[in-house]
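Fold and geometry: a report
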Amino acid sequence: GEEVIADGEFAFVDLDNGLCSCDPMPVSPNCLDCPNCDGGRDVVTVPLDEVNNPQLPFDSRDFILFPNTSMCQLNVLTAMRFYATAKGSFFGGEDNPPEIGTNPFFNTTALDDFQKGAGFSFIFSKRTSVSFDWQVLFGQARLGRNILFGINIFDCDN
């Protein structure tokens, strides 16, 4: 079939720091000043050419974070890297967003303050695909991790 070209928003939620929090939160300006946690630390890297329209200059406003964000942001020249700083509810999953409606990621009224702070989104334009890198730093092999993400398509052509 033909490739679909789309405009939209890509969102990540439930990005946390496993079993401990960074102090102070969010860590700034050095995102690496955070203790190694047994449960691992979520890090998402998004290449800048994935964001908005690659023909336009990068604008940090293309990344959307809530005012109470716990995400530490680091510009690494060709990408933006987002480090989790907040302790998650590792065993109960209470920090995961609720399953409300068809797409809970973009229903921000369904998210509590912690959930809003433990995520971010970005706008993309005229893309046939979107790529990102998810890492878990310092995690133990026997402890599971998850990441939740969603996409909201504004417009598409084929």
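Residues numbered from 1 in each chain as written. Predicted model: local features only at pLDDT ≥ 70, side-chain atom pairs only at ≥ 80, totals over all residues. Heavy atoms only, no water.

**Overview of the packing of aromatic side chains**
- Considering all chains together, one arrives at 13 aromatic pairs under this definition.
- Here the aromatic rings of Phe12 and Phe149 are separated by 6.4 Å at their centres, their planes lie at 50 degrees, and the arrangement is tilted. Note that Phe12 is positioned in strand E1 (residues 5-13) and Phe149 in strand E8 (residues 148-157), a separation of 137 residues in sequence. (Phe/Tyr/Trp six-rings, centres within 6.5 Å; stacked < 30°, edge-to-face > 60°. Helix = DSSP H or I, 4+ residues; strand = E, 2+ residues; numbered from the N terminus.)

**Describing the pairing of strand E6 (residues 120-127)**
- Within E6, 6 of the 8 residues are buried, which leaves it mostly tucked inside the rest of the structure.
- By the bridge criterion, 6 bridges tie E1 to E6 in an arrangement that is antiparallel. Bridge pairing links Ala6 to Arg127 in E6.
- Pairing of strand E3 (residues 63-64) with E6, which is carried by 2 bridges, proceeds in the antiparallel orientation. Bridged to Phe63 within E6 is Phe122. (Buried < 20%, exposed > 50% of the residue type's maximum accessible area, 1.4 Å probe, protein only. Pairing = 2+ DSSP bridges.)

**Here's the deal with the environment of Phe132**
- Inspection of the secondary structure assignment puts Phe132 in the loop between E6 and strand E7 (133-137).
- For Phe132, a relative accessible area of 27% gives the class partly exposed.
- With 87 residues separating them along the chain, Phe132 and Thr45 place their C-alpha atoms 5.8 Å apart.
- Not counting the four nearest positions on each side in its chain, Phe132 is found in contact with Phe10, Phe12, Val44, Thr45, Val46, Pro47 and Phe149. (Contact = heavy atoms within 4.5 Å.)

**Notes on the nonpolar core**
- By size, the foremost hydrophobic cluster in this structure holds 16 residues, and its most contacted members are Phe12, Leu15, Val44, Val46, Phe63, Phe120 and Phe122.
- The set of elements that each furnish at least two residues to this core consists of E1, strand E2 (41-47), strand E5 (79-83) and E6.
- Setting aside residues no more than four positions away along its own chain, Leu15 makes contact with Asp42, Val44, Met71, Ala84, Ala118, Gly119, Phe120 and Ile147. (Core = buried A, V, L, I, M, F, W, Y, C linked by side-chain atoms within 4.5 Å.)

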